[in-house]
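Structural features, examined
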Amino acid sequence: MSNKEKSRLINKLWFFREKRILYLIILSLLVFIVEFSMGLNTASILLSIIALILARYWRIIPRVYAESTRRYIIANLLRAGRGLKSESIQFLARLLQVVLVLIIGFSLFVVVYTGIYGFNVFILIPLLALFSILIVVILLPRLLVYSWISQRKTDVEVELPYLVILLRVLSVLKIPIYDVISIIEKSISLPASSREVKFARKIATVKASSLLGSLDTVYANHPSEKISSYVRRVVIAATTHGEFTEAAERVFDAIYGLFESKVASLIGSFTIIVGASLFVYLFLPVIVAAIAPVMGGSLLLVLGVSLTMQVLVFFVLYAVIANLYPTSLVVKPSRRLRITSFISILTPLFLTLYNIFSLLVEREPLSEQLYIAMVMASTLPGFILSELEYRFVKLYDLFVRATSESLSLAATTGENLVSVLERSAVKYGRKITRLTRTIAMGYLSEKLRVSIVARAPSLFHAAFIETLINILRLGATPQMLRLFTSSYERINNLVSRARGFARTLEAIMIGLVAVVGGFIAYIRKVFEYIVGVVESARTGYSIPLILPFTYDPRIYSLLDNLSILSLLFISILIGVVRGGSYTYSHRSFILMLLIYTLAKIVVGMMVI
C-alpha cells in the first residue's frame, strides 16, 4: 500500500476527521481527572460524560431524528396506509430538543449535588423520568407505525368475508370493475375496505397512474396476507380478463372456510371454557368448604388460593374467547349502555371486596340480605338497558332469515323483489314489516341508506343490509339473488351456531350454580351441627373430647362472597360469547345469583 493510499484511508476514518470527537475525548479526560480528585462515584462520571455528549450534539440530534423519522414514515407508507404530517414530525423534534436540554441541565445538577452533599438516590428519579420520556419520543414514530399496520390488518380482515360476498354478487352483472370499486369506496358497512380504495385513488392521483394499478400496488404491499393473496387475485383477474366471476367464487370459498374454522374453534373450545370455569369458579369453593374446617384453614389461605385462581383463569379464558370470537358478530353497544354496564359491574365487585376485607380485619360485613339486595339493585339498570338493546339484535337476525326466504322465493318465481319482501314480512309481525319497508326504500335516498346501515347492531347485519340495498339499486337478477341468499345463508348458519353456543354455556352454568349453592349451604349446616355436638360434649365431664377440628364461621361468609365474585366472572365470559362484549353479561349474572340464593335457602330449610 502506497503512502497516498494510506493517507486516503486515514482521511476516511471519521474519528480522525471529526475534531468534535477529539474535543469530547479531551473533555471526558478532564472530567475523569476532576471528579476523581473530588472523590465522586462512577455514576457521576458517566453522567457527566453523557451530559457533555448531549450538550455537544443537542442541535444536531433533533435534525437527524426528524430526517430519519420522515424516511421511516415514507418507507412504511404503503404498509401503514397513513403517516405523520410534517408539522407533527417537527413538533416531535422540538420536544426531543427540550427533553435533551432538561436532561443536560438536571445531569449537571445531580453531579454538583453529589460532589457537595454526597450521592442521594431520590434525585435520580426525575432524571430517570426524563430519560424515559426521551426513549418514548424516539420510539414513538415506530410504535405508531406498528399500531397502524396492526390495526389496518385487523380491520380489513374482519370485513373480508362480506367484501368478498359483495364482489361475488356484483360479478354476475358484468358491470365494469371501476363501478364495483366505486361501490366499495362509498360503502358504509365496510369502512376499512373503503379506506383502501380511497388510499389507492390518492396514489393514482399523485403518480398519474390507473386506479386498478394503484389498487394492485396497495394490495401487493398490504400487511394482511389474506388481502394480498385473495382480494388481489380478483383485481388481477378484472385487470387482465375484464371479468372476475370465477375468481370471486374461488376467493369466497377460501374465505368462508377460514371464517368457518374460526367459529368451529370457538365452539371446539367449549370443553376448555366449561372445564376451567367449573373447576375454578364452582368446584374449588366446594372443596374449600368441605376441607377448610377439618384442616384448620385460615381466612388468608382461603382468600389467597381462591382469588388468585379466579383472577388468573378469568383473564386466560377472556383472552381465548375474545381471540376466537368473530369480530364481525360483535354487537355494538351504545355509549349509555357501556357506562351503565361498567357501573353495574364495578358496584358488585366493590361490595364483594368490602365484605371480604371486613372479614379479614374482623369487622362486621354487610348482612347477607342487604348485600344481595344491593348487588341486585346495582345490576338491574345494566340488565334492563342491555336486554333492550339486545332485542334489536334478535330483530335483525329475524330480518336476515325472513329476507333470505323472500329472496329465494323471488329468484324462483321471478316476481318483483320489493313486493315479495313486503308481502313475506307481514307474517313475521309489525316490527319486521316496518323494518323491511324502511330498508326497501333505502335505495331511493342516500341519506336514508347511510342512516339504515349505521343503525345496524353489528357488521354482519350492516353488510347484509347494504348489499341488499345495492341489489335493489342495480336491479336484481335471479342469479344475483341466488348467490346473495346462498352466501348469507352459509354465514347465517355460523352465526346461529355461535348464538347457540352462548345459550348452551349459559344454561349449563346456571344449572351447576344451583348445585354448588345448595352443596355449600348443606356443608355449612353439617359443620354447624358438628360444632353444636362438640360444644355439648365439652360441657360434660365424663368424655374428654379432643378433635382435629377448627370451625370458623367466617370461612363460609368468605366463600359466599368469593362465590358471588365467581358468578360475576362467569357472567362476563358468557356476555362475551353472547354478544362479544361485557355489556351483555347482566342477564346471566342476575339469573345465576337468583338461582344460587334460592338453592341456599331451599337447602337450608330442608336441612333444618
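Calculation notes
Residues numbered from 1 in each chain as written. Predicted model: local features only at pLDDT ≥ 70, side-chain atom pairs only at ≥ 80, totals over all residues. Heavy atoms only, no water. Helix = DSSP H or I, 4+ residues; strand = E, 2+ residues; numbered from the N terminus. Buried < 20%, exposed > 50% of the residue type's maximum accessible area, 1.4 Å probe, protein only. Contact = heavy atoms within 4.5 Å. Core = buried A, V, L, I, M, F, W, Y, C linked by side-chain atoms within 4.5 Å. 1 Å grid on protein atoms, 1.4 Å probe; cavity = no way out; pocket = protein on both sides within 12 Å on 5 of 7 lines; lining within 4 Å. Points joined across faces, edges and corners; volume = space filled by probe spheres on them. Nonpolar A, V, L, I, M, F, W, Y, C, P; charged D, E, K, R; others polar. Phe/Tyr/Trp six-rings, centres within 6.5 Å; stacked < 30°, edge-to-face > 60°. Lys NZ or Arg CZ within 6 Å of the ring centre and 35° of its normal. Patch = residues over 30% accessible without salt bridge, like charges linked within 9 Å, V, L, I, M, F, W, Y side chains within 5 Å. Areas by Shrake-Rupley, 256 points an atom, 1.4 Å probe, with all protein chains shown as cover. Salt bridge = Lys/Arg side-chain N within 4 Å of Asp/Glu carboxyl O. Lys, Arg positive; Asp, Glu negative; His and termini not counted. Charge placed at Lys NZ, Arg CZ, Asp CG, Glu CD. Expected span 1.5 Å × (residues − 1). Arc of directions from axis to C-beta. Axes fitted to C-alpha atoms, helices over the stretch in contact; angles between N-to-C directions. Parallel < 35°, antiparallel > 145°, perpendicular 65-115°, else oblique.

What follows is about the overall build of the chain. Counting secondary structure elements, the chain contains 24 helices and zero strands. Buried positions account for 46% of the 608 residues belonging to the chain. If you take every contact in the chain between residues at least 6 apart in sequence, the share linking residues at least 24 apart comes to 76%.

Here we take up the nonpolar core. Burial of nonpolar side chains together is a common tendency in soluble globular proteins. The biggest cluster of nonpolar side chains holds 120 residues, and the ones touching the most others in it are Tyr162, Phe244 and Ile465. In contact with Tyr162, not counting residues within four places along its chain, are Leu190, Phe259, Ser328, Leu329, Leu459, Phe460, Ala463, Tyr488 and Ile491. Ala80, Leu100, Leu130 and Val137 belong to the second-largest nonpolar core, a separate cluster that totals 25 residues.

Turning next to the layout of surface pockets. Considering only enclosed or pocket space, the largest pocket measures out at about 500 Å³ in volume. Lining the largest pocket are 18 residues, with Glu389, Phe392, Leu395, Tyr396 and Arg455 sitting closest to its centre. For the lining of the largest pocket, the secondary-structure elements that each account for two or more residues are helix H17 (368–413) and helix H19 (430–440). The leading source of residues in the lining of the largest pocket is H17, at six residues. Of the residues in the lining of the largest pocket, the class split is 10 nonpolar, two polar and six charged.

Taken as a whole, this structure holds 12 aromatic pairs when the rule is applied. Their ring planes at 90° and their centres at 6.2 Å tell us that Phe399 and Phe464 sit as a pair that is edge-to-face. Taken together, the residues span a long stretch of sequence, with Phe399 in helix H17 and Phe464 in helix H21 (residues 459–474) at a distance of 65 residues. The same class applies to Phe399 as to Phe464, namely buried. Connected via pairs of aromatic rings, a cluster forms that spans Tyr162, Phe399, Phe460, Phe464, Phe484 and Tyr488. Its end group placed over the ring of Tyr256, Arg490 keeps NZ or CZ at 4.1 Å from the ring centre. Of note, Arg578 hangs over the ring of Tyr390, and the distance from its end group to the ring centre comes to 4.2 Å.

Together, Arg391, Lys394, Arg430, Lys431, Arg434 and Arg503 make up a positively charged patch on the protein surface. Where the positive patch is concerned, the elements lending two or more residues are H17 and H19. At three residues, H19 tops the list of elements feeding residues into the positive patch. Among the secondary structure elements, Lys394 is positioned in helix H17.

Let us now look at helix H5 (residues 60–75). Because each turn of an α-helix spans 3.6 residues, side chains separated by three or four positions end up pointing in the same direction. For H5, spanning 16 residues, the distance from its first C-alpha to its last is 23 Å, which sits close to the expected 22 Å at 1.5 Å a residue. Turning to H5, its buried residues number three or more, namely Pro62, Tyr65, Ala66, Thr69 and Ile73. Taken down its axis, H5 places every buried residue within 100° of arc, on the same side. Pointing more than 90 degrees away from the buried face of H5 are the exposed residues Arg63, Val64, Arg71, Ile74 and Ala75.

With that out of the way, let us pick up a nonpolar patch on the surface. Taken together, Ile135, Ile138, Leu139 and Leu143 make up a surface patch of nonpolar side chains, about 350 Å² in accessible area. Relative to the helices and strands, Ile138 resides in helix H8 (residues 124–170). Overall, the relative accessible area of 37% leaves Ile138 in the partly exposed class.

This paragraph deals with the environment of Glu249. As for its position among the elements, Glu249 is in helix H13 (residues 245–268). We classify Glu249 as partly exposed; its relative accessible area is 22%. Sequence spacing of Glu249 and Val164 is 85 residues, and the spatial spacing of their C-alpha atoms is 8.6 Å. Discounting chain neighbours no more than four positions away, the residues touching Glu249 are Arg168 and Leu483.

Direction vectors running N to C along H8 and helix H10 (residues 191–207) enclose 105°, while the axes themselves pass 7 Å from each other. Relative to H10, the element H8 lies roughly perpendicular. Between H8, through Arg152, Asp155, Val156, Glu159 and Leu163, and H10, the contact on the second element is made entirely by Pro191, Ala192, Ser193, Arg195, Glu196 and Phe199. Partitioning the contact of H8 with H10 into residue classes produces five nonpolar, one polar and five charged.

As far as function goes, none of this settles anything; it's purely spatial.
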